[in-house]
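Structural features, examined
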Amino acid sequence: MTSVLSSLRSSAGGLVRPPTTWCLLVGLFVYSAESGGRLLPQPLRSHLDGCLRCQAEMARERQLIRGLAAMAGEVEVAPTSLGLIEYGASQIGDNAALPRKRWVLGATLASVSAGTVGVVVLVGRRLRTAPI
Amino acid sequence: MTSGNPRPSPKVELVSDELVERARQGDAVAFSELVAIHQHEVYTLALRLVGNSALAADVSQEALIRAWRAMARFRGDAAFGTWLHRITVNAAWTQRSKAKRHLYVDLGAIEDRPDPVLLNDPASVGERLEMRGRLSGAIAQLSETQRAVVVLRDVYGWSHAEISDALSISVTAAKVRLHRAHHRLRDLLRESQ
């Protein structure tokens, strides 16, 4: 708050009225109002119309949102080392298709083994309990 | 180094769809071509999230490796680029402790890099570049989570739900961090004027 006041004081070259509760409320709503998420409530809009401090804050928010949105259209050129990936696929190995095939094969073998063990156990029991 | 990012033409998208399908079948050459198309976008997103060019290159590599490994599971519900962005965010987020360690090393390098746009036509784009430089500097001073929320929401247009999912935070936390980040960015921009 002190820095805000000092910056306003220096820019205006004189004493600046401290922010009111309305100013603080506008500060809370300023992002949602500028990003189109919510409309500024009527009492705050009325305050905004007559408060240069809040108008400046709103202008800064607008500038910020525009600046951020403009960044979407800009691309940093990747360093050449990133090109390693272009032949890296062969070094990394096959993609997920292979591990999945291995997993399916392993699961099938495990099921067959379990089934075989079950059959052996059942046959063994039957042989033991069968009347002589 | 920064360049404009024109939207891909329908022809490029068709080529990309064909490449995606081939890459899904395990064609490494097709995947390499996809990488050539998308690597700069991936790197840019990584750089904006981690604020460090060396770490951004690592994150990009990691993201592309993850993408290759998960390629067979790509169903095409979203565009390939969107899917790749999501993987990049996950990769960046898992390396955030590393990013913290290197945060102050490369920030200067990002701003000091020569810009071809500036060299070509300084008068017409000077103001925008000046704002972008100040904005990049201010974003770099945010906390990791605040930076990620701002970049994903305001630059890439993600919803709060998508952000909360990717960063493992609640939607409310995402909104609060965005609000605080904007407040801080406004202060930082005012101070840098």
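Residues numbered from 1 in each chain as written. Chains lettered and ligands numbered in written order. Predicted model: local features only at pLDDT ≥ 70, side-chain atom pairs only at ≥ 80, totals over all residues. Heavy atoms only, no water.

Some remarks on the overall build of chain A
If you tally the helices and strands in chain A, you get 6 helices and 1 strand. Along the chain direction, N to C, the helices and strands of chain A fall in the order α-α-α-α-β-α-α. Within the span of chain A, comprising 132 residues, buried residues form 25% of the whole. Sequence-distant contacts in chain A: of pairs separated by 6 or more residues, those separated by 24 or more amount to 49%. Entry remark: accessible area of chain A is about 8,800 Å², with carbon and sulfur atoms responsible for 65%. (Helix = DSSP H or I, 4+ residues; strand = E, 2+ residues; numbered from the N terminus. Buried < 20%, exposed > 50% of the residue type's maximum accessible area, 1.4 Å probe, protein only. Contact = heavy atoms within 4.5 Å. Areas by Shrake-Rupley, 256 points an atom, 1.4 Å probe, with all protein chains shown as cover.)

Let's talk about the overall build of chain B
When helices and strands are counted, chain B shows 11 helices and 1 strand. In chain B, the succession of α and β elements from N to C terminus is β-α-α-α-α-α-α-α-α-α-α-α. Every one of the 193 residues in chain B was classed for burial, and the buried ones make up 49%. Within chain B, contacts between residues at least 6 apart in sequence are counted, and of these 68% link residues at least 24 apart. Approximately 9,600 Å² of chain B is accessible, and the part contributed by carbon and sulfur atoms is 52%.

Comments concerning the nonpolar core
Ranked by size, the top nonpolar core spans 60 residues in total, and within it Phe80(B) and Leu167(B) carry the most contacts. Looking at this core element by element, the count peaks at 11 residues for helix H2 (residues 28–50) of chain B. In this view, Phe80(B) contacts Val20(B), Phe31(B), Leu34(B), His38(B), Met71(B) and Phe74(B); residues no more than four positions away in its chain are not counted. Counting 9 residues, the second largest nonpolar core, distinct from the first, contains Val30(A), Leu40(A), Leu44(A) and Leu48(A). (Core = buried A, V, L, I, M, F, W, Y, C linked by side-chain atoms within 4.5 Å.)

Some points on the packing of helix H10 (residues 160–167) of chain B against helix H11 (residues 171–192) of chain B
Residues and elements named next belong to chain B. Their axes nearest at 8 Å, the elements H10 and H11 cross at an angle of 105°. Accordingly, the angle class assigned to the pair H10 and H11 is roughly perpendicular. Contacts between H10 and H11 pair His160, Ala161, Ile163 and Ser164 from the former with Val171, Ala174, Lys175 and Leu178 from the latter. For the contact of H10 with H11, the per-class residue count stands at 5 nonpolar, 2 polar and 1 charged. (Axes fitted to C-alpha atoms, helices over the stretch in contact; angles between N-to-C directions. Parallel < 35°, antiparallel > 145°, perpendicular 65-115°, else oblique. Nonpolar A, V, L, I, M, F, W, Y, C, P; charged D, E, K, R; others polar.)

Some thoughts on the confidence of the model for chain B
All names here are of chain B. With 77% of its residues at a pLDDT of 70 or more, chain B has an overall mean of 79. The spread of mean pLDDT over the elements of chain B runs between helix H6 (residues 107–112), the lowest at 42, and helix H9 (residues 144–155), the highest at 92. Low pLDDT (under 50) marks residues 103–119, which in the prediction has 29 contacts with non-local residues, meaning those over four places away or in another chain. (pLDDT = per-residue confidence, 0-100.)

Section: unusual backbone geometry
Residues and elements named next belong to chain B. The phi angle at Ser168 is positive, at roughly 55°, despite the residue not being glycine. Within the secondary structure, Ser168 sits in the loop between H10 and H11. For Ser168, a relative accessible area of 66% gives the class exposed.

Side note on the packing of aromatic side chains
Residues and elements named next belong to chain B. Counted under the stated rule, the structure contains 4 aromatic pairs over all chains. Ring plane angle 85° and centroid distance 5.8 Å describe the contact between Phe74 and Phe80, whose orientation is recorded as edge-to-face. Across the pair, exposure class does not vary: Phe74 and Phe80 are buried alike. Judged by its relative accessible area of 6%, Phe74 falls in the buried class. Each member of the aromatic cluster is reached from another via a ring pair, and the members are Phe74, Phe80 and Trp83. (Phe/Tyr/Trp six-rings, centres within 6.5 Å; stacked < 30°, edge-to-face > 60°.)

Let's talk about the pattern of salt bridges
Per the stated rule, a full pass over the model turns up 11 salt bridges over all chains. Close ionic contact of Arg60(A) with Glu57(A) constitutes a salt bridge, the shortest N to O distance being 2.7 Å. Of the two residues, Arg60(A) and Glu57(A) both sit in helix H4 (residues 52–71), 3 residues apart, roughly one turn of that helix. Just as Arg60(A) is buried, Glu57(A) falls in that class too. Asp187(B) is the salt-bridge partner of Arg190(B), the closest N and O atoms lying 2.4 Å from each other. Of the two residues, Arg190(B) and Asp187(B) are both situated in helix H11; the distance of 3 residues between them amounts to about one turn of the helix. You can call Arg190(B) buried: its relative accessible area is 16%. One salt-bridge network, in which partners are shared between bridges, spans Glu57(A), Arg60(A), Glu61(A), Arg186(B), Asp187(B) and Arg190(B). (Salt bridge = Lys/Arg side-chain N within 4 Å of Asp/Glu carboxyl O.)

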